[in-house]
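The chain contents come next:
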Amino acid sequence: MLLQHKDGQGTPAPGTEAVSLTSVRKVYGKGAAAVTALDDVTVGIPRGSFTAVMGPSGSGKSTFLHCAAGLDTPTSGTVRLGGTDLSGMNEVKLTELRRARVGFVFQAFNLVSSLDVAQNVTLPLRLSGTRTDKRWLEEILARVGLTERAHHRPAQLSGGQQQRVAIARALITRPEVIFGDEPTGALDTVTGRDVLTLLRQAVDETGQTVVMVTHDPVAAGYADTVLFLADGRIADSMAKPSADRVAERMAVLGGRA
Ligand SMILES: Nc1ncnc2c1ncn2[C@@H]1O[C@H](COP(=O)(O)OP(=O)(O)OP(=O)(O)O)[C@@H](O)[C@H]1O
């Protein structure tokens, strides 16, 4: 269940939310050229849940994800990751926090072409100076079905396999939250479903939290809750979504955009 809490109402006990945004605004540019990408967004995403973020083009989905993940700073308002308030953190602190507590899966797989699969997966550990736990690496590679490919380079893999490397890389640090920006956008339907199943497993089997921007109602159907953005605001949310219901709701929102 996704918790929307305004004016303190319905605020859950501290520590039950993986991510929370309170009165978040994000304005790009100044004066006549200013664009309000997020307009007073308040939402809490419970730990161990899978949330899909949808909305028409330009509704603020990427901005929401970037602010929630500490990749971008809101113009005003508060973002908390677990209990940690990100406001006022400098770039060095934010980078440390992201490396330790957040995983990312993007539409473009962003793998390092000169590194093999195992090296790509363990890159976040090397960047943060953490020793690789070999057994955990083996478990993660097995989970994404790439044990036999550990020493292949990205160019030797299919798109779906490359995205599974990116998921393994996002899981290796045992992050509290995995953020996905159109993680299935570059994949065919069947391969995309494998990737969504892996994200679903991260929630169901290891209690991680997944927040994923998608345009695809089928992908959103894997989530526990869909958050609909329109004009930088949370226009609606849907629990236990089905692809059909999501597509219907999107048709309405699309007309409004
Ligand atoms: N760096 C920027 N400078 C100025 N305006 C921006 C910038 N980034 C985003 N915007 C504007 O903010 C609004 C929200 O953009 P955002 O990328 O978050 O939307 P989105 O829902 O992810 O869109 P899409 O589905 O097309 O990717 C848009 O009007 C966009 O033009």
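Residues numbered from 1 in each chain as written. Predicted model: local features only at pLDDT ≥ 70, side-chain atom pairs only at ≥ 80, totals over all residues.

Draft legend 1. Here's a closer look at the overall build of the protein. Scanning the protein for helices and strands turns up 8 helices and 10 strands. Viewed in the frame of its principal axes, the protein has a C-alpha envelope of about 50 × 40 × 40 Å. Within the protein, the fraction of its 257 residues that count as buried is 41%. Contacts spanning at least 24 positions in sequence make up 69% of the contacts within the protein whose residues lie at least 6 apart. (Helix = DSSP H or I, 4+ residues; strand = E, 2+ residues; numbered from the N terminus. Buried ≥ 20, exposed ≤ 12 C-beta atoms within 10 Å, placed from the backbone. Contact = placed C-beta atoms within 7 Å.)

Draft legend 2. Local environment of the site of the ligand. Every residue near the ligand is listed here: Tyr 28, Gly 29, Val 35, Ala 37, Gly 55, Ser 57, Gly 58, Ser 59, Gly 60, Lys 61, Ser 62 and Thr 63. Of all the elements in the fold, those that place two or more residues in the shell around the ligand are strand 2 (35-46) and helix 1 (61-68). Broken down by element, the shell around the ligand gets its largest block of residues, 3 residues, from helix 1. Residues that form the shell around the ligand fall into these classes: 3 nonpolar, 8 polar and 1 charged. (Near = placed C-beta within 6 Å. Nonpolar A, V, L, I, M, F, W, Y, C, P; charged D, E, K, R; others polar.)

Draft legend 3. Region of interest: the pairing of strand 9 (residues 225-230). With 5 of 6 residues buried, strand 9 is to be regarded as a mostly interior element. Taken together, the 4 bridges between strand 3 (residues 50-54) and strand 9 define a ladder with parallel strand orientation. Across the sheet, the residue bridging to Ala 52 is Val 226, located in strand 9. Relative to strand 10 (residues 233-239), strand 9 is paired through 6 bridges, and the arrangement is antiparallel. Considered in strand 10, the bridge of Leu 229 is made with Ile 234. The antiparallel hairpin formed by strand 9 and strand 10 contains 2 residues in its connecting segment, where Asp 231 sits at a positive phi of about 50°. (Pairing = 2+ DSSP bridges.)

Draft legend 4. Quick peek at the sheet that holds strand 6 (residues 102-106). Spatially, 6 strands are ordered 6-7-8-3-9-10 in an open sheet, and the strand pairing comes out mixed. The two strands at the open ends of the sheet, each matched to only one other strand, are strand 6 and strand 10. Each strand of the sheet is rotated relative to its neighbour by a mean of 20°, with strand direction disregarded. Alignment of strand 3 against strand 8 (residues 209-213), held across 4 bridges, turns out to be parallel. Counted as the bridge partner of Thr 51 is Val 211 from strand 8. With respect to the sheet, helix 1 is in contact with strand 3, strand 7 (177-181), strand 8 and strand 9, its orientation differing from that of strand 8 by roughly 150°. (Axes fitted to C-alpha atoms, helices over the stretch in contact; angles between N-to-C directions.)

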